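The lines below spell out each chain.
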Amino acid sequence: MRRLRQLLVVFALVIVGAVGINRLIQGHTTPQTSQPTSQTTKKANTAKADTINWRKPSENKPYPNLKQHPNAWLDVNTNRQRVYIRDGNNKVLYTMYCSTGTGKENKTPHGTYAIQGERGKFFYNQSSGEGAKYWVSWKDHGIYLFHSVPTDKNGNYIKSEAEELGKTAASHGCVRLSVADAKWVYNNVPYGMKVVIH
């Protein structure tokens, strides 16, 4: 009788254990099945975040109204390859993707500057074989500029260069911006606005 009870207890434990294991397996199967989907979604979102449209505005919100921010200034971070439009209290109003200068010879000079009087819709530099649209000078009166991603002599954007925007330093010392951002700077950033490059 004792032996029979022990066998019944063992049998009951085996059945309960099998049901528990089955539930456990089902519980783990569902997340494992859905996990690749969430990882795929995560990868897709990451890829989407890493994709920079060099033709469009950097952010999906309106550019700031500089009349409402008379002390706004441009903060260029060469490590992050970003230009931050900040108000007088240091609050970031807008963030733009950029590409600054490469190496020692083409390095974008660090320091505090101001927007100068020179600006234009297009230039082409024969020696570098590149031009750009919507340029605004911030140092040496037409030497160091904010401008669009590079163009060829006919004003066609150079896609291989444009795709570096926001990812790596790629310019000859100027600060490259997306086409839309450069146009906004050209049309809206006033003479004398502070520019800090670091």
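All of these numbers come straight from a predicted model, not from anything done at the bench.

Caption draft 1: Quick peek at the sheet that holds strand β8 (residues 175–177). Strand order in the open sheet made by the 9 strands is β4-β9-β1-β2-β3-β8-β7-β6-β5, with mixed pairing throughout. The sheet is open, and its two edges are formed by β4 (111–114) and β5 (119–125), each paired on a single side. Each adjacent strand pair in this sheet contributes to an overall mean axis angle of 35°, direction not counted. Relative to strand β2 (residues 82–86), strand β1 (residues 73–77) runs antiparallel, the two being bridged by 5 bridges. Considered in β2, the bridge of N77 is made with R82. Taken strand by strand, helix α3 (residues 179–188) contacts β2, β3 (92–99), β5, β6 (130–139), β7 (144–148) and β8, and its axis lies near 40° from that of β6.

Caption draft 2: Inspection of the packing of aromatic side chains at higher detail. Under the counting rule described, the total for this entry stands at 7 aromatic pairs. Centre to centre, the rings of Y63 and W184 are 5.0 Å apart; their planes meet at 15°, and the pair counts as stacked. Pair noted here: Y63 is in the loop between α1 (2–50) and β1 and W184 is in helix α3, with a separation of 121 residues, a long-range link. Its relative accessible area of 9% is what places W184 among the buried residues. Grouping aromatic residues by their ring pairs yields a cluster made of Y113, W138, Y144 and F146. Between K194 and the ring centre of W73, over which it is positioned, the NZ or CZ distance is 4.6 Å.

Caption draft 3: Highlighting the side chain of N77. You can see N77 is positioned in strand β1. If we skip the residues at most four places from it in the chain, N77 touches R82, Y84 and H198.

Caption draft 4: Region of the structure containing the pattern of salt bridges. Evaluation of the coordinates by the stated rule reveals 5 salt bridges. R176 serves as the salt-bridge partner of E130, at 3.1 Å between the closest nitrogen and oxygen. Pair noted here: E130 is in strand β6 and R176 is in strand β8, with a separation of 46 residues, a long-range link. A relative accessible area of 13% means that E130 is categorised as buried. Judged by its relative accessible area of 2%, R176 is buried. Across the pair E161 and R176 runs a salt bridge, and its minimum N-O distance is 2.8 Å. With E161 in helix α2 (residues 159–162) and R176 in strand β8, this pair connects stretches of sequence that are 15 residues apart. A relative accessible area of 23% means that E161 is categorised as partly exposed. Each of E130, E161 and R176 takes part in one network of salt bridges that share partners.

Caption draft 5: Summary view of the pairing of β2. Taken across its 5 residues, β2 has 4 buried, putting it largely inside the fold. Between β1 and β2, which pair antiparallel one after the other, the connecting turn spans 4 residues, and Q81 there sits at a positive phi close to 55°. Sheet topology note: the β2/β3 ladder contains 5 bridges and is antiparallel. When the bridges of β3 are listed, V83 appears paired with M96. Connecting the antiparallel pair β2 and β3 is a turn made up of 5 residues, with N90 showing a positive phi of about 75°.

Caption draft 6: Main features of α3. Most of α3 sits out of view: 7 of its 10 residues are buried. Among the residues making up α3, those that are buried are V179, A180, D181, A182, W184, V185 and Y186.

Caption draft 7: Fine view of unusual backbone geometry. Within the chain, N90 stands out as a residue other than glycine whose phi angle is a positive 75°. Mapping N90 onto the fold places it in the loop between β2 and β3. With a phi close to 45°, H141 is a non-glycine residue in the positive phi region. With respect to the element layout, H141 can be found in the loop between β6 and β7. Residue classification places H141 among the exposed residues on the basis of a relative accessible area of 55%.

The rules behind the values
For every chain, the first residue of the written sequence is number 1, and numbering continues from 1 along that sequence. Whole-chain, interface and lining totals are the exception, using all residues; otherwise, since this is a predicted model, local features are given only for residues with pLDDT of at least 70 and side-chain atom pairs are given and counted only at 80 or more. Hydrogens are left out, water is left out, and the side-chain values use all remaining heavy atoms of the structure. Pairs of strands are assigned from DSSP output, requiring at least two bridges between the strands. Helix numbers and strand numbers start at the N terminus; a helix is a DSSP run of H or I with at least 4 residues, a strand a run of E with at least 2. Lines are fitted to the C-alpha atoms to define the axes, a helix being fitted only along its stretch in contact, and any angle between axes, read from their N-to-C directions, falls within 0 to 180 degrees. In what follows, a contact means two residues having at least one pair of non-hydrogen atoms within 4.5 Å. Any Phe, Tyr or Trp ring, taking Trp's six-membered ring, that has another such ring centre within 6.5 Å forms a pair; planes under 30 degrees apart are called stacked, those over 60 apart edge-to-face, and the others tilted. Classification of residues uses two cut-offs on accessible area relative to the type maximum, computed with a 1.4 Å probe and protein chains only: under 20% is buried, over 50% is exposed, and between them is partly exposed. Only lysine NZ and arginine CZ atoms are considered, and such an atom sits over a ring when it is within 6 Å of the ring centre and within 35 degrees of the ring normal. The rule for a salt bridge is simple: a side-chain nitrogen of Lys or Arg has to be within 4 Å of a carboxyl oxygen of Asp or Glu.

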